[in-house]
Amino acid sequence: MRRMDQPIFILGALREEINLIRKLMNVKEQLRAGHADVWVGSWEGVSIVLVRTGMGKDCALSALKEVLSRTIPALVLSIGYAGGLDLRLKVGDLVVADKVLEIDQVATFSKSYPVNPEQSELFERLTSQKKIMIYKGTLLTVNQVISDSSAKQELGSSHKALAVDMETSSLIGHCIEKYIPFVSVRAISDTMEQSLINTSSFADGEGKVSKIKAGWYAATHPSAIRNLISLHSQSQKATANLTEILGVFLRIL
């Protein structure tokens, strides 16, 4: 049972993933924790610490350690976008991880982290009445954006995974080490069949997209403009569904 004096940490890599939560929450304090942006306050009557960690495992872990040095949470909620690795998953569907698998495509190395079933089952039970589709299964964490549809298909098939991201394994690994309850909830922003533009070319290490670099990319790759517009629309749907379900979770909790 959550202690009332302990907040819930909500960690997302990108501003776009957490912007609706930030608008809905009652912010009491805003600060920097290392490279991370942090908002302290409440949402749906629950004390939360909202953190924009930046992209990638190293940024995510560094941000988590920074906020943990200030307070210990009742629960860490790792949220954000994920690429679909299963044909069933549509844009806006959610994936609650029951296992997080970290893989390195170059070194062919992997680590597996089980998610405490009590935490993931609690989330599923409290949010099951909504019409948004929620799947439970393996989440992959990789070191780079998986932009090609055939690569997604291969990853999903070989690892029996539902979705892929770039942060979760480092977060759950540290939470297991520190005995902190952990839940990962990811919203599908692109399906298995969809090939993407690798946006890492115009995003910095903290997950901030450079409008100048993005504009230059669009100007020099005119065929990519439709893809960028589509991805933006899909990301908005993923953010809306994720925020709605998290609000339900906190409200009932």
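Below is a short write-up of the structure. Remember, predicted model here, so these are calculated numbers, not experimental data.

### Overview of unusual backbone geometry
- Despite not being glycine, Lys 160 shows a phi value in the positive range, around 50°.
- With respect to the helices and strands, Lys 160 occurs in the loop between helix H4 (149-159) and strand E9 (163-165).
- The class for Lys 160 is exposed, based on a relative accessible area of 70%.
- Despite not being glycine, Tyr 179 shows a phi value in the positive range, around 60°.

### Let's talk about H4
- Among the residues of H4, Lys 152, Leu 155 and Gly 156 are the ones counted as buried. Looking straight down H4, one finds that the buried residues subtend no more than 95° of arc, so they occupy a single side. Opposite the buried face of H4, at more than 90 degrees from it, the exposed residues are Glu 154 and Ser 157.
- Buried residues along H4 sit in contact with strand E5 (75-84), strand E6 (94-104), strand E8 (134-141) and strand E10 (182-190).
- In the stretch just after H4, Lys 160 is the one whose phi turns positive, near 50°.

### What to know about helix H2 (residues 57-68)
- In a regular helix each residue adds 1.5 Å, so 12 residues correspond to 16 Å; H2 covers 16 Å between its end C-alpha atoms and thus fits that length.
- All of the buried residues along H2 are Lys 57, Cys 59, Ala 60, Ala 63, Leu 64, Val 67 and Leu 68. Viewed along the axis of H2, the buried residues span an arc of 165°, placing them on a single side of the element.

### What to know about the packing of aromatic side chains
- This structure, assessed with the given rule, holds 1 aromatic pair.
- Measuring from centroid to centroid gives 4.9 Å for Phe 123 and Phe 249, while their planes differ by 45°, and the two rings are tilted. Of the two residues, Phe 123 is situated in helix H3 (residues 117-127) and Phe 249 in helix H7 (residues 225-252); the sequence distance between them amounts to 126 residues. Considered together, Phe 123 and Phe 249 belong to a single accessibility category, that of buried residues.

### Remarks on the nonpolar core
- By size, the foremost hydrophobic cluster in this structure holds 42 residues, and its most contacted members are Ile 10 and Leu 77.
- When residues no more than four places from it in sequence are discounted, the contact partners of Leu 77 are Ile 8, Phe 9, Ile 10, Leu 11, Val 183, Val 185, Leu 246 and Phe 249.
- Counting 31 residues, the second largest nonpolar core, distinct from the first, contains Val 38, Ala 60, Leu 64 and Ala 97.

### Topic: the pairing of strand E3 (residues 36-43)
- Extensive coverage of E3 is indicated by the burial of 7 of its 8 residues.
- The loop that links strand E2 (residues 26-33) with its antiparallel partner E3 comprises 2 residues; one of these, Gly 34, has a positive phi angle of about 65°.
- Bridging between E3 and strand E4 (residues 46-52) involves 7 bridges; their strand directions are antiparallel. Bridge pairing links Trp 39 to Leu 50 in E4.
- Two successive antiparallel strands, E3 and E4, enclose a turn made up of 2 residues, where Glu 44 displays a positive phi of approximately 55°.

About the thresholds
- Residues numbered from 1 in each chain as written.
- Predicted model: local features only at pLDDT ≥ 70, side-chain atom pairs only at ≥ 80, totals over all residues.
- Heavy atoms only, no water.
- Helix = DSSP H or I, 4+ residues; strand = E, 2+ residues; numbered from the N terminus.
- Buried < 20%, exposed > 50% of the residue type's maximum accessible area, 1.4 Å probe, protein only.
- Arc of directions from axis to C-beta.
- Contact = heavy atoms within 4.5 Å.
- Expected span 1.5 Å × (residues − 1).
- Phe/Tyr/Trp six-rings, centres within 6.5 Å; stacked < 30°, edge-to-face > 60°.
- Core = buried A, V, L, I, M, F, W, Y, C linked by side-chain atoms within 4.5 Å.
- Pairing = 2+ DSSP bridges.

Interpretation note: all reported values are geometric properties and have no functional meaning in isolation.
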